[in-house]
Amino acid sequence: MGLMARKKAVIFPGQGAQYPGMGKDLFQAFAIAKERFQQANEILGIDISNICFSAGEEVLQNTLYQQLGIFLVSVICWDILKEREDFLPAFAAGLSLGEYTSLYAAGVVDFEKGLLLVKERAEAMEEAARLNPSFMLALMGIGKEDLEKELSLPFFIANLNCPTQVVVSVGEEHRKEAEKFIKGLNLKRVVELKVSGGFHSPFMEPAQQKLAEALAKVSFSPPLFPIVTNVDAQAHQDVEKIKFNLIQQLTHPVLWQKSIEFMASRGVEEYYEVGPSKVLKGLLRRINKELKVFNFSQSSDFKKEAV
C-alpha cells in the first residue's frame, strides 16, 4: 500500500466519529475484527458489537457506548493495517479519546487494558456531566484570538481543531445567553456536538480523581514511537508524563491544530487516519492543505493502494 515512502504519523479520531453500523463491514471481512469484537463483548460484559452494528444515533450518543465503540473500531482498523503492512510511524496522536487508541498502537497498553481504561474514563466523564450539566458547541468561521476578543460569557475553550474552528464548553444554565451571544458573531456555522457534557473544561474536574485512580492501577510500557499529547502538542515517551497528560486532558483544551503543526514541523507529510469516519481529514485540510491524509475506516480502504 505504499506505506514506507515518506515520514508519516498515525492519527485516531475521538467522539463525534461514531455512526450507526460502524465496524460491521470489518467484522464481516476480517478475522481479527471478529476476534476483537468478541473479546470486547466478554471483557465488558455488554454486547458492544450489537450496539455498534444495530443501535441508532440516539444510543450512540451515550458517552460510554460512543467511546467504547470508537476505540474498538479504531483498534480493529489499526490491527488490520498492521497485518497488511508492518511499519512504525514517526508519531501517533489522537483527538481526545483517540489518544487512548494511540496508546494501544504504540504498545503502551494492550487491548484489554486500553478498553477498560476507556470504560473508566467514559463513566467518570458521564458522572461529571451529570454533576455539572453542560454542552459543547463547534463554532465554524472564527479563530481563538477573535473569539477571545468577543468572549464575555462563562465559556471554556475546549478544542482548537483548526484555524477556523473552535469548540467551546458551556454550562446548561447559560444556554440561552450563549445562543444569543453566538448569533451575534455571524459565524459560518454552529453545531452542537452529540456528546453528554462540556468536555475538556472545568466541568470535568469531578472525573479527574477517578481517572487518576484508574491510571494508577495500570502499568504502561514505553511507547514504540512518540505520542503527541493533546494538552501540550508535544511528543512524549515518558509513561508518567503520558499518564499525567491524560488526566490533564479532561479539563484542558485539546490542541489539535498545534499537534498537527508540531508533527508537520518535524517533517511528517503523510497522515493515516485510522478509525471510523473522516473527521480528521477535514480538519487537516484546514490546517495545512499540503499534508496528505489517507483514511482507514472501512473494509474497502484496506484493499486499495494508499497513494
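Residues numbered from 1 in each chain as written. Predicted model: local features only at pLDDT ≥ 70, side-chain atom pairs only at ≥ 80, totals over all residues. Heavy atoms only, no water.

Q: I'd like to hear about helix H2 (residues 31–44), residue by residue, with values.
A: If you check H2, its first and last C-alpha atoms are 20 Å apart, about what 14 residues at 1.5 Å a residue would give, namely 20 Å. When we look at burial in H2, the residues that qualify are Ile32, Ala33, Arg36, Phe37, Ala40 and Leu44. An end-on view of H2 places all buried positions within 135° of arc, on one side of the element. Across H2 from its buried face, at more than 90 degrees, point the exposed residues Ala31 and Glu42. Those residues of H2 that are buried are in contact with helix H1 (24–29), helix H3 (48–54), helix H5 (63–84), helix H6 (98–105) and helix H7 (111–131). (Helix = DSSP H or I, 4+ residues; strand = E, 2+ residues; numbered from the N terminus. Expected span 1.5 Å × (residues − 1). Buried < 20%, exposed > 50% of the residue type's maximum accessible area, 1.4 Å probe, protein only. Arc of directions from axis to C-beta. Contact = heavy atoms within 4.5 Å.)

Q: Describe the pairing of strand S10 (residues 292–296), listing the residues and the values that go with them.
A: Within a regular strand, side chains alternate between the sheet's two faces. Of all the 5 residues making up S10, 4 are buried; the element is thus mostly covered by neighbouring parts of the structure. This β-α-β element, strand S9 (residues 270–274) to helix H13 (residues 279–287) to S10, shows right-handed connectivity. (Right-handed = clockwise from strand over helix to strand, strands pointing away.)

Q: I'd love a proper account of the sheet that holds strand S5 (residues 165–171), names of residues and values included.
A: Spatial strand order, S4-S5-S3-S6: 4 strands in an open sheet with antiparallel pairing. At either end of the open sheet lies a strand with only one pairing partner, and these are strand S4 (155–162) and strand S6 (189–192). Averaged over all pairs of adjacent strands, the angle between strand axes in this sheet comes to 25°, irrespective of strand direction. The pairing of strand S3 (residues 134–140) with S5 spans 7 bridges and is antiparallel. Residue Leu139 lies in a different strand from S5, and its bridge partner there is Val166. (Pairing = 2+ DSSP bridges. Axes fitted to C-alpha atoms, helices over the stretch in contact; angles between N-to-C directions.)

Q: Which residues make up the pattern of salt bridges, and what values do they have?
A: Considering all chains together, one arrives at 8 salt bridges under this definition. Two residues, Asp79 and Arg36, come together in a salt bridge whose shortest N-O distance is 2.8 Å. Highlighted residues: Asp79 in helix H5 and Arg36 in helix H2, separated in sequence by 43 residues. Note on Asp79: relative accessible area 10%, which makes it buried. Ionic pairing is found between Glu172 and Arg175, a salt bridge with its closest N-O pair at 2.5 Å. By relative accessible area, which is 33% here, Glu172 ends up partly exposed. The structure contains a network of salt bridges with shared partners spanning Glu172, Arg175, Glu179 and Glu192. (Salt bridge = Lys/Arg side-chain N within 4 Å of Asp/Glu carboxyl O.)

Q: Describe helix H11 (residues 239–249), listing the residues and the values that go with them.
A: Every buried residue of H11 is listed here: Val239, Ile242, Lys243, Asn245, Leu246, Ile247 and Gln249. Where H11 is buried, its residues touch H6, H7, helix H10 (205–216), strand S7 (227–228) and strand S8 (235–236). Sitting at the amino-terminal end of H11 is Asp238, which places a side-chain oxygen 3.3 Å from the backbone nitrogen of Glu240. (Polar contact = N/O pair within 3.5 Å; in protein donor to acceptor, adjacent residues only side chain to side chain.)

Q: I'd love a proper account of the sheet that holds strand S2 (residues 91–94), names of residues and values included.
A: Here we have 6 strands laid out as an open sheet, ordered S8-S7-S2-S1-S9-S10, and mixed in their pairing. Strands at the two margins of the open sheet, each flanked by one partner only, are S8 and S10. On top of the sheet, H5 reaches strand S1 (8–12), S9 and S10; it is set at about 125° to S9, its chief contact.

Q: Would you mind going over unusual backbone geometry in detail, with residue names and values included?
A: For Asn186, which is not a glycine, the phi torsion comes out positive at approximately 55°. Judged by relative accessible area, Asn186 falls into the exposed class, the value being 67%. Residues other than glycine seldom take positive phi values, yet Ala233 does so here, at roughly 55°. Turning to its location among the elements, Ala233 is positioned in the loop between S7 and S8.

Q: Summarise the environment of Lys119; cite the residues concerned and give the values.
A: Locating Lys119 in the fold gives a position in helix H7. For the pair formed by Lys119 and Leu68, sequence separation is 51 residues and the distance between their alpha carbons is 6.6 Å. Setting aside chain neighbours within four positions, we find Lys119 in contact with Leu44, Leu64 and Leu68.

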